[in-house]
Amino acid sequence: MDHTSELTSPFEPVFNESIPNAVVEQIETMIIDGILKEGMKLPSERELAETMNVSRPKLREALQMLEDRDLVTVRRGEGTFIAPLIGRAMSPALLALYSRHNRAFYDYLEYRRAQETFAARLAAERATQSDRDRLRDILARMQTAWEADDFEASQAADINFHAAIVDASQNTTLIHMMASIYDLTKQGLFYNRKFLRTLDGTGRALLSQHESIADAIFRGNSEEAEQAALFHLDYVEQCFRKGQAQEQRERLAAKRRTFDLR
């Protein structure tokens, strides 16, 4: 969880003659900055009104403006949520097509290599103390998951780690574009970490690579952060190519054996 200085809420009191517009501007800015992301639930009306120092009628007026702009969705009985912002990167048909062709996976890795090395460089230059604390928390979860051999926790921490670096880049376009990519990763379309771990052996190499990326960011060394991210993604690609080659050899060997048994 993030340590946001001494703040208990990211929302700030509003002091403006046009209160609804000021509320809208604050929430829109938080969306652009990647603080509020799609699917996130906003605090209750009472909490928001108290935190932002506005009346509930004025707050409702602001929320209605945001809903009219398709930035929030109000679910009766559940609350107010940030609306879908990115949309699906690919249609279901294209997703299915990609899943049947290995080349698409390497295109995905190529894209991630370009974006994540850039993000790591920026994160080393721009990360705040809160960003660094967040990365340390995720690394601790990675270590715990590795020691417990917990695949689900390892995969969740892996995705969160890379997303945290992108957030630490402070580049809002990068934050929103990569959110769509990580959504695909969570679906398991492109990134089978369980398979990768079988190739890696114990998973220790992957953990060490993540630690190296984070260490360079903590020290503010942008070049090392970029190179560590590049080494990590190159390693992932090499492991998958090695694994796929081995699978191909095993298939051919099995076919040959069927003729030996006749």
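In the block above lies the structure referred to throughout.
Residues numbered from 1 in each chain as written. Predicted model: local features only at pLDDT ≥ 70, side-chain atom pairs only at ≥ 80, totals over all residues. Heavy atoms only, no water.

In this structure, what is going on with the environment of Q143? I would like to understand it.
Inspection of the secondary structure assignment puts Q143 in helix α6 (residues 129-148). On the basis of relative accessible area, Q143 is assigned to the partly exposed category, the value being 22%. Spatially, the C-alpha atoms of Q143 and L207 are 7.4 Å apart, while their sequence positions differ by 64 residues. Discounting chain neighbours no more than four positions away, the residues touching Q143 are R204, L207 and E211. (Helix = DSSP H or I, 4+ residues; strand = E, 2+ residues; numbered from the N terminus. Buried < 20%, exposed > 50% of the residue type's maximum accessible area, 1.4 Å probe, protein only. Contact = heavy atoms within 4.5 Å.)

Got a minute to help me understand the packing of aromatic side chains in this structure?
Within this structure, the stated rule accounts for 0 aromatic pairs. Over the aromatic face of F218 sits the side chain of R136, whose NZ or CZ is 4.2 Å from the ring centroid. Its end group placed over the ring of Y106, R241 keeps NZ or CZ at 3.8 Å from the ring centre. (Phe/Tyr/Trp six-rings, centres within 6.5 Å; stacked < 30°, edge-to-face > 60°. Lys NZ or Arg CZ within 6 Å of the ring centre and 35° of its normal.)

Would you mind going over the pairing of strand β1 (residues 72-75) with me for this structure?
A regular strand places its side chains on the two faces of the sheet in alternate fashion. Bridge count for β1 against strand β2 (residues 79-82) is 4 bridges, and the pairing is antiparallel. Bridge pairing in β2 links T73 to F81. Once β1 ends, the chain turns through 3 residues before running back antiparallel as β2, passing G77 with a positive phi of about 85 degrees. (Pairing = 2+ DSSP bridges.)

Help me understand the environment of L135 in this model?
Mapping L135 onto the fold places it in helix α6. What makes L135 buried here is its relative accessible area of 1%. Spatially, the C-alpha atom of L135 lies 9.1 Å from that of F218, the residues being 83 residues apart in sequence. Among residues more than four places away in sequence, those in contact with L135 are F161, A164, I165, I217 and F218.

Is there a simple way to explain the pattern of salt bridges in this structure?
Scanning all chains against the criterion turns up 17 salt bridges. Close ionic contact of R46 with E50 constitutes a salt bridge, the shortest N to O distance being 3.6 Å. One end of the pair, R46, and the other, E50, are both in helix α2 (residues 45-52), 4 residues apart, so they sit about a helical turn from each other. One salt bridge connects R113 with E237, and the closest N-O pair in it is separated by 2.4 Å. Separated by 124 residues along the polypeptide, R113 in helix α5 (residues 102-126) and E237 in helix α11 (residues 222-260) bring together distant segments of the chain. The burial state of R113 is the same as that of E237; both residues are buried. One continuous salt-bridge network, built from bridges that share partners, spans R113, D234, E237 and R241. (Salt bridge = Lys/Arg side-chain N within 4 Å of Asp/Glu carboxyl O.)

I'm lost on helix α8 (residues 172-186) in this one. Help?
Because the α-helix completes a turn every 3.6 residues, residues three or four places apart line up on one side. With 15 residues, α8 extends 21 Å from end C-alpha to end C-alpha; this agrees with the ideal 21 Å at 1.5 Å per step. Those residues of α8 lying buried are L174, I175, H176, M178, S180, I181, Y182, L184 and T185. (Expected span 1.5 Å × (residues − 1).)

Quick question: what am I supposed to make of unusual backbone geometry here?
Trans is the common state for peptide bonds, and a negative phi is the common state for residues other than glycine. Look at N53: it is not a glycine, yet its phi comes out positive at around 60 degrees. Inspection of the secondary structure assignment puts N53 in the loop between α2 and α3 (56-68). The phi torsion at Q170 lies on the positive side, around 65 degrees, for a residue other than glycine. Tracing the backbone through its elements, the reader meets Q170 in the loop between α7 (151-168) and α8. Exposure remark for Q170: the relative accessible area of 39% places this residue in the partly exposed category.

What exactly am I supposed to notice about the nonpolar core here?
Soluble globular proteins tend to pack their nonpolar side chains together in the buried interior. Membership of the largest hydrophobic core comes to 40 residues, with the highest contact counts inside it found for L109, F161, I165, V166, I213 and I217. Those elements that provide at least two residues to this core are α5, α6, α7, α8, α10 (204-218) and α11. Residues in contact with I213, not counting those within four places in the same chain, are F161, I165, A228, A229 and H232. I27, L36, L42 and L59 belong to the second-largest nonpolar core, a separate cluster that totals 22 residues. (Core = buried A, V, L, I, M, F, W, Y, C linked by side-chain atoms within 4.5 Å.)

Honestly, the side chain of S222 in this entry has me stumped. Any pointers?
Here S222 shows up in helix α11. Every residue in contact with S222, bar those within four places of it in the chain, is listed here: R121, A124 and E125.

I keep staring at the packing of α6 against α10 and nothing clicks. Help me out?
Each pair of packed helices can be described by the angle between their axes along with the distance between the axes. Following both chains from N to C, one finds α6 and α10 inclined at 165 degrees, their axes separated by 11 Å at the closest point. The pairing of α6 with α10 is recorded here as roughly antiparallel in orientation. α6 and α10 meet at a crossing whose hand is left-handed. In contact with R132, L135, R136, L139, M142, Q143 and W146 of α6, α10 contributes R204, L207, H210, E211, A214, I217 and F218. Taken together, the residues of the contact of α6 with α10 sort by class into 8 nonpolar, 2 polar and 4 charged. (Axes fitted to C-alpha atoms, helices over the stretch in contact; angles between N-to-C directions. Parallel < 35°, antiparallel > 145°, perpendicular 65-115°, else oblique. Left-handed = near helix turned anticlockwise from the far one by under 90°. Nonpolar A, V, L, I, M, F, W, Y, C, P; charged D, E, K, R; others polar.)

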